[in-house]
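One-letter residues, chain by chain:
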Amino acid sequence: SDLWRVLSVGVRFQRAKRRQSTPGDATVLYSRLLRQLRKRGLEKPPWLTPVEFARMVREPELGGLAREITDAYNQVRFGGRPAGAARMVELLGKME
């Protein structure tokens, strides 16, 4: 349900702020990036990696944010660096 999704995202944001995020949290935060880009008419094709997709965002400010969020996502998701999730939250706030 929508309520469950909102509560789940809220918990993940709180963990990110405390720098206690998990790789799964990074995935949820990355999906927020994808939703924001979709609202602007940019849909990630399944065959592109997150980095390749972020490079395709041509609008300078939006593209810069997308690349920074993607970098932080990779740090948390694959690099074992949970502090990157706090950066994702900060950058998503700028984008939204």
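For clarity, every value in this text was computed on a predicted model and none was experimentally measured.

Asker: Got a sec to walk through the overall build of the protein chain? Specific residues and values, please.
Answerer: Each helix and strand in the protein chain was counted, giving 5 helices and 0 strands. If you list the helices and strands of the protein chain from N to C, you get α-α-α-α-α. Taken across its 96 residues, the protein chain has 38% of its residues classed as buried. Restricting the contact set of the protein chain to residue pairs at least 6 apart, pairs at least 24 apart contribute 47%.

Asker: Which residues make up the packing of helix H2 (residues 23-39) against helix H4 (residues 60-79), and what values go with them?
Answerer: Contact geometry for H2 and H4: axes closest at 9 Å, N-to-C directions at 165°. Taken together, the axes of H2 and H4 are roughly antiparallel relative to one another. As for the relative orientation of H2 and H4, their crossing is left-handed in sense. Residues Pro-23, Ala-26, Thr-27, Tyr-30, Leu-33 and Leu-37 of H2 pack against Leu-62, Ala-66, Ile-69, Thr-70, Tyr-73, Val-76 and Arg-77 of H4. Considering only residue class, the contact of H2 with H4 consists of 10 nonpolar, 2 polar and 1 charged.

Asker: Outline the pattern of salt bridges, supporting the account with residue identities and numerical values.
Answerer: Within this structure, the stated rule accounts for 4 salt bridges. The shortest N-O distance in the salt bridge between Arg-32 and Glu-96 comes to 2.9 Å. Remark: Glu-96 occurs in the segment after helix H5 (84-95) and Arg-32 occurs in helix H2; sequence separation between them is 64 residues. Look at Glu-96 and you get partly exposed, because its relative accessible area is 47%. A salt bridge links Arg-87 to Glu-90; its shortest N-O distance comes to 2.8 Å. Taken together, the residues Arg-87 and Glu-90, both in helix H5 and 3 residues apart, mark about one turn of the helix.

Asker: Tell me about the side chain of Thr-70, and please be specific about residues and values.
Answerer: Take Thr-70: it is sitting in helix H4. According to the relative accessible area criterion, Thr-70 is buried, its value standing at 3%. Those residues in contact with Thr-70 that lie beyond four places of it in its chain are Tyr-30, Leu-33, Pro-50, Val-51 and Ala-54.

Calculation criteria
- Residues numbered from 1 in each chain as written.
- Predicted model: local features only at pLDDT ≥ 70, side-chain atom pairs only at ≥ 80, totals over all residues.
- Heavy atoms only, no water.
- Helix = DSSP H or I, 4+ residues; strand = E, 2+ residues; numbered from the N terminus.
- Buried < 20%, exposed > 50% of the residue type's maximum accessible area, 1.4 Å probe, protein only.
- Contact = heavy atoms within 4.5 Å.
- Axes fitted to C-alpha atoms, helices over the stretch in contact; angles between N-to-C directions.
- Parallel < 35°, antiparallel > 145°, perpendicular 65-115°, else oblique.
- Left-handed = near helix turned anticlockwise from the far one by under 90°.
- Nonpolar A, V, L, I, M, F, W, Y, C, P; charged D, E, K, R; others polar.
- Salt bridge = Lys/Arg side-chain N within 4 Å of Asp/Glu carboxyl O.

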